[in-house]
Amino acid sequence: MEVVVSKPQIALVTGASRGAGKGIALGLAEKGMTVYVTGRSTEVGSAKGWDGATLPGTVLETAEEITKAGGKGIAVVCDHADDAQVAALCEQIKEEQGRLDILVNNAAYIHPQLIEPKPFYEKDLDAQFILDVGLRSAYVASWHAAKIMAEQKSGLIIFTSSFGASCYMHGAAYGAQKAGLDKFAHDMAVDLEDVNVQTLSIWMGPLVTERAIIAAEVHPEQYTEFMATAETPEFIGRIIYAVANDDKASEISGHTVISAEIAKDRYNIPDREGKFPPSYREMLGSPNPPNPAKVY
């Protein structure tokens, strides 16, 4: 007899040693999910903040915190620049769990000059690596995850994006990566519609992360005001869980949404102190609406 799983059980969050990925994983853990988390950090010291300070967090620590939060954390050391490692990761999940309900594409290369107010040609050429680990890597992870989800005829693929897909934010490479993620969600939804797999790109607002706190200290004129109402990464995880449990999620599949808006208007999910964070639509721009045209 076929077993019908009514609630999502297994998630994969990429790039979860710290920051948005870690918080999203913890938000899913609150719901009792088994969460696979990837990252390269196994020892504190490899990641640096904007001021050069060592950032805390490893993928192993994130897995431990997931379990403490009520889920089951499974850490997998994975370099998302290596397709073979990503393939092995998804095969491991399929063998160990037999399914994958949520993929959160969050891994991205963060260049040390990302938030410096310089034109792209005055930054190191390495800044474009976000188009490899961030854009291309999300396609690869989604390709593997989609095969699992299509077979089980259910699933949700999430892309963590931002207003940088619309406005100028951190330069050309960052903007192209975010705009590309939105298009992935749009186009993959078309291909996955017949197998009951949804996709969504989420424009997150300013987040309370280790790097963001340092950014507010390094560039207070840019970030202090934003940080006063910044979203917690766990807030994004709760939104994702709500989408995964939404019987009408197909209505928004392929869309790009603003986290603050969908949390308030569709799911009634507050963040810190029971408050709803603001949307920056009027200041920073709006997502493109889905285009129904299809050209094969």
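Residues numbered from 1 in each chain as written. Predicted model: local features only at pLDDT ≥ 70, side-chain atom pairs only at ≥ 80, totals over all residues. Heavy atoms only, no water.

A few words on the pairing of strand β5 (residues 155–162). Along β5, 8 of the 8 residues are buried, which leaves the element largely enclosed by surrounding structure. As paired strands, β5 and strand β6 (residues 197–204) are joined by 8 bridges and run parallel to one another. Bridge pairing links Thr160 to Ile202 in β6. Chirality of the crossover, the property in question, places the unit of β5, helix α5 (residues 172–192) and β6 among those that are right-handed. (Buried < 20%, exposed > 50% of the residue type's maximum accessible area, 1.4 Å probe, protein only. Helix = DSSP H or I, 4+ residues; strand = E, 2+ residues; numbered from the N terminus. Pairing = 2+ DSSP bridges. Right-handed = clockwise from strand over helix to strand, strands pointing away.)

Under the definition given, this model contains 12 salt bridges. Among the ionic pairs, Asp101 bridges to Arg99, the shortest N-O distance being 2.8 Å. Assigned by exposure class, Asp101 and Arg99 land together as buried. In this structure, Lys183 engages Asp187 in a salt bridge whose closest nitrogen and oxygen atoms are separated by 2.7 Å. Of this pair, Lys183 and Asp187 both sit in helix α5, 4 residues apart, which is roughly one turn of the helix. Assessed through its relative accessible area of 46%, Lys183 is described here as partly exposed. Classification of Asp187 by relative accessible area gives partly exposed; the value is 34%. Via salt bridges that share partners, Asp83, Asp132 and Arg136 belong to a single interconnected network. (Salt bridge = Lys/Arg side-chain N within 4 Å of Asp/Glu carboxyl O.)

Quick look at the nonpolar core now. Soluble globular proteins tend to pack their nonpolar side chains together in the buried interior. Within the largest apolar cluster, 37 residues are counted, with the highest numbers of intra-cluster contacts made by Val13, Leu28, Val35, Val37, Ile240 and Val243. In terms of residue count, helix α8 (residues 233–244) provides more of this core than any other element does, 7 residues in total. Excluding its chain neighbours within four sequence positions, the residues that come into contact with Val35 are Ala11, Val13, Ala25, Leu28, Ala29, Ile66, Lys72, Gly73 and Ile74. Counting 29 residues, the second largest nonpolar core, distinct from the first, contains Leu100, Ala141, Ala146 and Phe184. (Core = buried A, V, L, I, M, F, W, Y, C linked by side-chain atoms within 4.5 Å. Contact = heavy atoms within 4.5 Å.)

All right, on to helix α3 (residues 83–97) then. Given a rise of 1.5 Å per residue, 15 residues ought to cover 21 Å, and the 21 Å separating the end C-alpha atoms of α3 matches this to within 8%. Listing the buried residues of α3 in full gives Val86, Leu89, Cys90 and Ile93. Take α3 and look down its axis: the buried residues cluster within an arc of 90 degrees, on one side only. Projecting away from the buried face of α3 at angles above 90 degrees are the exposed residues Ala84 and Glu95. If you follow the buried residues of α3, they end up packed against β1 (10–13), β2 (34–39), β3 (72–77) and α4 (132–152). Where α3 begins, the capping side chain belongs to Asp82, and its oxygen is found 3.0 Å from the backbone nitrogen of Ala84. Among the residues trailing α3, Gly98 stands out with phi positive, at a value near 80 degrees. (Expected span 1.5 Å × (residues − 1). Arc of directions from axis to C-beta. Polar contact = N/O pair within 3.5 Å; in protein donor to acceptor, adjacent residues only side chain to side chain.)

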